[in-house]
Amino acid sequence: MPWSEDRKPQTRERILQAAARLFTRHGFDGTSIDTIMQQAGLTRGAFYAHFDSKSELYAMALRYAAREGVARIELKSDPCARMALYLSETHLHSEDLLCPLACLVSDVAQQEEQVRETYTRLLEGFIAFYAGQSEPDSPARRQALQQAVTMIGGMAIARTLTDPALANELLEASRELATSLMADQESQPAAPET
């Protein structure tokens, strides 16, 4: 019996979902191809029908995790509500896919250029998603970068802490700062059209 045409994309999706979940929790070195394939309910041999290397899968899993995270957060139309959801205890303790920007910041720094390039594009998308498009070297761009660092850094540090009270305090402080930066950005006059 021949396989249906949509079987290969569905299998690839299962692998990406398993990889994204495992990589964002355990990093590149802490996750094996065997573990990913087992989580996806497949054999190791099926891996090579979809990906050339673990690094290629890692880069694609970063994009997958980011895309899924955006889909969950887009349910909130208000930018402040999106930011609050990102910096929430719910996100911190989520069993769903985690933000690869916060979870893998130091892990990605040790990877090859393809992976770092993927991370760079995801960060650029994160900035645009939360702060809109702005001109390089503009005050709005500077505030967008500060907001991104506050959100991603706050979540990244909170994830490393063993003290839940301190983690919650850090998230609250990050929410306050990110909200303040967002309010400053919204109060900026619009740039004149050229």
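Attention here is on the structure that accompanies the text.

Calculation notes
- Residues numbered from 1 in each chain as written.
- Predicted model: local features only at pLDDT ≥ 70, side-chain atom pairs only at ≥ 80, totals over all residues.
- Heavy atoms only, no water.
- 1 Å grid on protein atoms, 1.4 Å probe; cavity = no way out; pocket = protein on both sides within 12 Å on 5 of 7 lines; lining within 4 Å.
- Points joined across faces, edges and corners; volume = space filled by probe spheres on them.
- Helix = DSSP H or I, 4+ residues; strand = E, 2+ residues; numbered from the N terminus.
- Nonpolar A, V, L, I, M, F, W, Y, C, P; charged D, E, K, R; others polar.
- Phe/Tyr/Trp six-rings, centres within 6.5 Å; stacked < 30°, edge-to-face > 60°.
- Buried < 20%, exposed > 50% of the residue type's maximum accessible area, 1.4 Å probe, protein only.
- Lys NZ or Arg CZ within 6 Å of the ring centre and 35° of its normal.

## Regarding the layout of surface pockets
Taken as a whole, the largest pocket encloses approximately 400 Å³ of empty space. Taken together, 21 residues make up the lining of the largest pocket; nearest its centre are Ala66, Gly69, Val70, Ile73 and Tyr86. Ranked by the residues each element gives to the lining of the largest pocket, the list is headed by helix α4 (residues 54–73), at six residues. When grouped by side-chain class, the residues that make up the lining of the largest pocket number 14 nonpolar, five polar and two charged.

## What to know about the packing of aromatic side chains
Applying the stated rule across the entire model yields six aromatic pairs. Between Phe23 and Phe28, the aromatic rings sit 6.2 Å apart at their centres with planes inclined by 10 degrees, giving stacked as the arrangement. According to the relative accessible area criterion, Phe28 is buried, its value standing at 12%. With a centroid separation of 4.8 Å and an interplanar angle of 85 degrees, the aromatic rings of Phe47 and Tyr48 are classed as edge-to-face. Its relative accessible area of 46% is what places Tyr48 among the partly exposed residues. What links up through ring pairs into an aromatic cluster is the set Phe23, Phe28 and Tyr58. The cationic tip of Lys54 hangs over the ring face of Phe28; the distance from NZ or CZ to the ring centre is 4.3 Å.

The quantities given are spatial measurements derived from coordinates; they are silent on function.
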